[in-house]
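Coordinate analysis (summary)
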Amino acid sequence: MDLLALKEKLMACAPGRWVLLAASKLYGWAGWLDRLAYQNGWKTVKSVNGRVVCIGNITAGGTGKTTAVLLAATLLAKKGMRVAIVSRGYKRQQKSKEAVVLFDNPDADWRMAGDEPFMMSRVLSQYKVPVVIAADRALAATEALRRFKSQIVLLDDGLQHHRLKRDANIILVDAKNPFGNGYLLPYGNLREPLEGLKRAALIILTHCDQATPRELEDIKDKIREYNDTVEILESEHKPEYYFDICQSRKVGLDEVKGNAACFCALGHPETFEKTLENLGLTLAQKWRFPDHQFYTEDHLRTFEETRNGLPLVTTFKDFVKFPDNWREILTKEVYVLSVNLKIRGGEKEEDKLEQVLYPKR
């Protein structure tokens, strides 16, 4: 039984809810002690010789953090900046104490890095952005600066990681479900109390197209209770095209219509499915897996044998975890949806993001 299913089972009964609530209290105390240890010097904060900007969130999963990191790296690379991404490589299968570097290496294996860092490396390959993975993010940042002379290091999902000193925090808040039920994990979905918003130099509201203007203003008002000076940007996730992996070609969004099947392993699969429906697809079949699920030959055979000839749609994050012989099993009409994060308000608002990433001297 995966953790999400276990949580749902516990939430269904009063004793289970008490267990989750008690676990949330313990989680909160542990987080508080960790922050206190760094604040008081009981644990050492590591500084590196370069600008470090963290992009993270105070809730678990589904905010669009990966697309925000991709947007930040792309903006900087297009300006000619030397940028690197540092990640812990969550749920990577092959772990080592040494830093794993993804850079211009077509033979790299996602199992060494984790699905999200590997996907980011592939997407950003055209901009020559290195992705460095290590449980010790300070080690990874040091390696990025040593090897690539990076002017800026983007710390992926490191808001609750305090060992690496950063120059700025960018916090993402999901407009669909900004703060959950207000409780910490595992009873709620907060990674830390809302006081953590005080550490933000910039806040980006994501999925703003799925909230009303009134709801967006209410979220901003709540944020300002904790940080009344922070700049708040609005954003949306915009589909760009489908990529036909069997034919290795881009396909326009209007070229795939009607009945289809889809699968994904995401924090919030319903968001992906809703996007497909908004693009004109009728999802006759859907498979949902726990976040970061890797795929076996049996998974792919199940998709192929039961999709009844329908187009099959997934995400880039899922595609990079296919087994090596996937072409022997999936033979036609398999599409990866490309989605990018767009800041509302055009260049003027994007400039506010750039100024936090790398302030103009």
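Everything below is about the structure shown above.
As a starting point, this report considers the structure included with it. (Residues numbered from 1 in each chain as written. Predicted model: local features only at pLDDT ≥ 70, side-chain atom pairs only at ≥ 80, totals over all residues. Heavy atoms only, no water.)

Brief notes about the overall build of the protein chain
Note the threshold: By the criteria applied, helices consist of DSSP H or I runs no shorter than four residues and strands consist of E runs no shorter than two, each listed in order from the N terminus. Throughout, the radius of gyration refers to the C-alpha atoms, and the reference size of a globule is 2.2 Å times the residue count to the power 0.38. Two residues qualify as a contact provided that any one of their heavy atoms is within 4.5 Å of a heavy atom in the partner residue. Each accessible area is a Shrake-Rupley result for a 1.4 Å probe, and residues are judged covered by the shown protein chains and nothing else. None of His or the chain ends enter the tally, which takes Lys and Arg as positive and Asp and Glu as negative. By convention, the point assigned to a charge is CZ for Arg, NZ for Lys, CD for Glu and CG for Asp.
A count of helical and extended segments in the protein chain gives 11 helices and 13 strands. Radius of gyration (C-alpha) of the protein chain: 21 Å, near the 21 Å computed for a compact globule of 361 residues. With respect to the three principal axes, the spread of C-alpha positions in the protein chain is 60 × 55 × 45 Å. Long-range contacts, defined here as pairs at least 24 residues apart, represent 75% of the contacts in the protein chain between residues at least 6 apart. Carbon and sulfur atoms form 50% of the exposed surface of the protein chain, whose accessible area is close to 17,600 Å². Side-chain charges in the protein chain split into 54 positive and 48 negative, and the spacing between the mean points of these groups amounts to 5 Å.

Overview of the packing of helix α3 (residues 65–78) against helix α5 (residues 115–123)
What counts, and what does not: For helices, the axis comes from a line fit to the C-alpha atoms of the stretch in contact; other axes are also lines fit to C-alpha atoms, and the angle between any two N-to-C directions lies between 0 and 180 degrees. Each helix crossing is assigned a hand: it is left-handed if the near helix lies turned anticlockwise from the far helix by less than a right angle, otherwise right-handed if that turn is clockwise.
It is the contact of α3 with α5, at a shortest axis distance of 11 Å, that shows an interaxial angle of 30°. Helix-helix and strand crossings are classified by hand; for α3 and α5 the assignment is right-handed. On α5, the residues that touch Lys65, Thr66, Val69 and Leu70 of α3 are Glu116, Met119, Met120 and Val123.

So, the packing of aromatic side chains
Applied cut-off: Working definition: a ring pair exists when centres of Phe, Tyr or Trp rings (six-membered ring for Trp) sit within 6.5 Å. Plane angles under 30 degrees give stacked, over 60 give edge-to-face, the rest tilted. Exposed residues in this analysis have more than 50% of their type's maximum accessible area, buried residues have under 20%, and partly exposed residues fall in between, with area computed by a 1.4 Å probe over protein chains only. Geometrically, a charge over a ring is one whose NZ (Lys) or CZ (Arg) sits within 6 Å of the ring centre while staying within 35 degrees of the ring normal.
A complete count under the given rule lists 16 aromatic pairs for this structure. With centroids separated by 6.4 Å and ring planes inclined at 40°, the aromatic side chains of tryptophan 110 and phenylalanine 294 adopt a geometry described as tilted. Of the two residues, tryptophan 110 is situated in helix α4 (residues 110–113) and phenylalanine 294 in the loop between β11 (281–288) and α9 (297–306); the sequence distance between them amounts to 184 residues. Taking the relative accessible area as the measure of exposure, tryptophan 110 reaches 4% and is therefore buried. Of the residues examined, phenylalanine 294 reaches a relative accessible area of 36% and is grouped as partly exposed. Plain terms: the ring middles of phenylalanine 263 and tyrosine 295 are 5.4 Å apart, the flat faces sit at 75° to each other, and that makes the pair edge-to-face. Here phenylalanine 263, found in strand β10 (residues 258–264), pairs with tyrosine 295, found in the loop between β11 and α9; they are 32 residues apart in sequence, far enough to count as distant. No difference in accessibility class separates phenylalanine 263 from tyrosine 295, as the two residues are buried. Members of the aromatic cluster, connected to one another through ring pairs, are Phe263, Trp287, Phe289, Tyr295, Phe303, Phe316, Phe319, Phe322 and Trp326. We note lysine 250 situated over the ring of tyrosine 241; from NZ or CZ to the ring centre the distance is 4.5 Å.

Shape is all these values report; function is a separate question.
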